[in-house]
Amino acid sequence: MTGALGRGTLRLGGGLLTSSAPATVFNNVILQAGTTTNISSAVANLTLAGNISGSGNINETGTNTGGTHFNGDNRGFTRTVTSGNAGGHRVRFKSPNAGSAAATWVLNNLQADGNGLNYGPGTISFGALSGGGVFRNNAIARSTISIGALNTDTTFSGVMIAN
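Thresholds, definitions, all that
Numbering of residues starts from 1 in each chain and follows the order in which that chain's sequence is written. Per-residue local features are limited, in this predicted model, to residues with pLDDT of at least 70; the limit for side-chain atom pairs, both in listing and counting, is 80 or more; totals at the level of whole chains, interfaces and linings are taken over all residues. Note that water and hydrogens are dropped before the side-chain values are worked out from all heavy atoms of the structure. Paired strands are those between which DSSP finds at least two bridges. We count a stretch as a helix when DSSP gives it H or I for four or more residues in a row; a strand needs E for two or more, and each element gets its number in order from the N terminus. To obtain each axis, a line is fitted to C-alpha atoms, and for helices this fit is confined to the stretch in contact; angles are then taken between N-to-C directions over 0 to 180 degrees. Salt bridge, as used here: a side-chain nitrogen of Lys or Arg that lies within 4 Å of a carboxyl oxygen of Asp or Glu. Exposed residues in this analysis have more than 50% of their type's maximum accessible area, buried residues have under 20%, and partly exposed residues fall in between, with area computed by a 1.4 Å probe over protein chains only.

S.K.: Looking at this model, I keep getting lost on the sheet that holds strand β12 (residues 80–83). Mind explaining?
M.R.: The strands making up a sheet are joined through hydrogen bonds of the backbone, oriented either antiparallel or parallel. Taking strand neighbours across the sheet as the criterion, the 7 strands line up as β3-β6-β9-β12-β14-β16-β18 in an open arrangement whose pairing is parallel. The open sheet has two edge strands with one neighbour each: β3 (16–18) and β18 (143–147). Direction aside, neighbouring strands of the sheet carry axes that sit 30° apart on average. Across 3 bridges, the pairing between strand β9 (residues 57–61) and β12 is parallel. Its bridge partner lying in β12, E60 is registered against S83.

Shown next as structure tokens:
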């Protein structure tokens, strides 16, 4: 499936967003306050091409090597993304705006390129970063990561690799 899920913005208030085949969702997504939405790329790649905003939480999981891709402008997202460590699973940030300086990111993908920066030059922002995952710059240009806009005390014990 590639395209929009219906018309307009998706308002997610919990539950599970997944696909049994490679999928790109072009809708903008608003995460409802006080909820946790599970996003799983267990069987195939799941690309969120629209903008993500709101103050709900995201639990991102999966076992598919291609993983979950964040492509949109997510600077309006203000809560927490938690990505679990599943064998061979990856998270990809496909634009400098795919992060959010207003959100906490807990990234635990431990494989060699569990978290990838897949865009050209630019600065991606994470309000707070914790976990023990591995970041790799998969782009051909220099990418910068800005961390700490939330001014909270967190620890990222992972590895950053510049290719």
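Back to the text.
S.K.: So what exactly am I meant to see when it comes to the pattern of salt bridges here?
M.R.: Note that side chains of opposite charge can pair when their charged atoms are close. What the rule picks out here adds up to 4 salt bridges. Put simply, R90 and D113 hold a salt bridge, and the shortest N to O gap is 2.7 Å. Taken together, the positions of R90 in the loop between β12 and β13 (91–93) and D113 in the loop between β14 (100–107) and β15 (115–117) put the pair 23 residues apart, joining distant regions of the chain. A residue is classified by how much of its surface remains accessible, and D113, at 8% relative accessible area, is buried. Put simply, R92 and D113 hold a salt bridge, and the shortest N to O gap is 2.9 Å. Placement of R92 in strand β13 and of D113 in the loop between β14 and β15 is noted, with a sequence separation of 21 residues between them.

Remember, this is a structural readout, not a statement about activity or role.
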